[in-house]
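What follows is each chain in one-letter form.
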Amino acid sequence: QVQLVESGGGLVQAGGSLRLSCAHSGLPINTFTMGWFRQAPGKEREFVASVSGSSMDTYYADSVKGRFTISRDNAKNTVYLHMTSLKPEDTAVYYCTVKISGSRDSTRPYDYTNWGQGTQVTVSS
């Protein structure tokens, strides 16, 4: 019903920048909150950022606040995650998701669905 495709990951040096994109198709979801999560090897899936579909309110994990910016272009059915001042600890697979439950600032993975295939971000020292 809803398809999500992440792109934009890659290998960068610490202090560098990347912009991730999430293109969605199928059922319209421009009114839904969209979120980015990440998962490093051997670690739990971690909330990164979200943006609502109406007021465009944004929420960020403390670990990325001030460095990452989430945005969306509803005309292009695309959500972005602009990452700057990247650190080695940002290395992970980044996933795009659709929020279906919980409060608008929820950081719980089970409040999101239709996970994309993920895009790998690797930050070297």
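As a reminder, the structure under discussion sits directly above these lines.
Keep in mind that what you see is a predicted model, and the values were worked out from it rather than measured. For every chain, the first residue of the written sequence is number 1, and numbering continues from 1 along that sequence. Reporting of local features is limited, given that this is a predicted model, to residues whose pLDDT is at least 70; pairs of side-chain atoms are given and counted only at 80 or more, and all residues count toward the totals for whole chains, interfaces and linings. Note that water and hydrogens are dropped before the side-chain values are worked out from all heavy atoms of the structure.

1. Some details on the packing of aromatic side chains
Aromatic pairing here means that ring centres of Phe, Tyr or Trp (its six-membered ring) are within 6.5 Å. Orientation follows from the plane angle: under 30 degrees is stacked, over 60 is edge-to-face, and everything else is tilted. For the structure on display, the rule yields four aromatic pairs. Ring geometry for Phe37 against Phe47: centres 5.6 Å apart, planes inclined by 80 degrees, an arrangement best described as edge-to-face. Taken together, the positions of Phe37 in strand 4 (residues 34-39) and Phe47 in strand 5 (residues 46-51) put the pair 10 residues apart, joining distant regions of the chain. Categorising residues by exposure relies on relative accessible area from a 1.4 Å probe, with only protein chains included: less than 20% of the type maximum marks a residue as buried, more than 50% marks it as exposed, and the intermediate range marks it as partly exposed. On the accessibility criterion, Phe37 (0% relative accessible area) is buried. Ring geometry for Phe37 versus Tyr112: centroids 4.9 Å apart, planes at 70 degrees, classification edge-to-face. Highlighted residues: Phe37 in strand 4 and Tyr112 in strand 10 (residues 112-113), separated in sequence by 75 residues. For the pair Phe37 and Tyr112, a shared accessibility class is recorded, and that class is buried. Aromatic rings pair up to connect Phe37, Phe47, Tyr95, Tyr112 and Trp115 into one cluster. Directly above the ring of Tyr95 sits Arg45, whose terminal nitrogen or CZ lies 4.3 Å from the centroid. A positively charged side chain is recorded as over a ring if its NZ (Lys) or CZ (Arg) lies within 6 Å of the ring centre. The angle to the ring normal must also be within 35 degrees. The cationic tip of Arg45 hangs over the ring face of Trp115; the distance from NZ or CZ to the ring centre is 4.4 Å. The way it works is that DSSP assigns letters per residue, a run of H or I at least four long becomes a helix, a run of E at least two long becomes a strand, and they are numbered from the N terminus.

2. Topic: the nonpolar core
Core analysis: the largest hydrophobic core is formed by 29 residues, its most contacted members being Met34, Trp36, Leu81, Met83 and Tyr94. Going through the elements one at a time, strand 1 (2-7), strand 3 (18-26), strand 4, strand 5, strand 7 (68-73), strand 8 (78-83), strand 9 (92-99) and strand 11 (119-124) are the ones with two or more residues in this core. Pairs of residues are marked as contacts when any of their non-hydrogen atoms sit within 4.5 Å. Excluding its chain neighbours within four sequence positions, the residues that come into contact with Tyr94 are Glu6, Leu20, Trp36, Phe37, Arg38, Val48, Phe68, Leu81, Met83, Gly118, Thr119 and Val121. For this analysis, a nonpolar core means a set of buried residues of the types Ala, Val, Leu, Ile, Met, Phe, Trp, Tyr and Cys, connected via side-chain atoms within 4.5 Å.

3. Description of the sheet that holds strand 8
When DSSP locates at least two bridges between a pair of strands, those strands are taken to pair. Reading across the sheet, the four strands line up as 1-3-8-7 and stay open at both edges, with antiparallel pairing between neighbours. Only two strands of the sheet have a single partner each, and these edge strands are strand 1 and strand 7. With strand direction ignored, the average angle separating the axes of adjacent strands in the sheet is 15 degrees. Pairing of strand 1 with strand 3, which is carried by six bridges, proceeds in the antiparallel orientation. Among the inter-strand pairings, Leu4 is bridged to a residue of strand 3, identified as His24. Working convention: axes come from line fits to C-alpha atoms, limited for helices to the stretch in contact. Angles between N-to-C directions cover 0 to 180 degrees.

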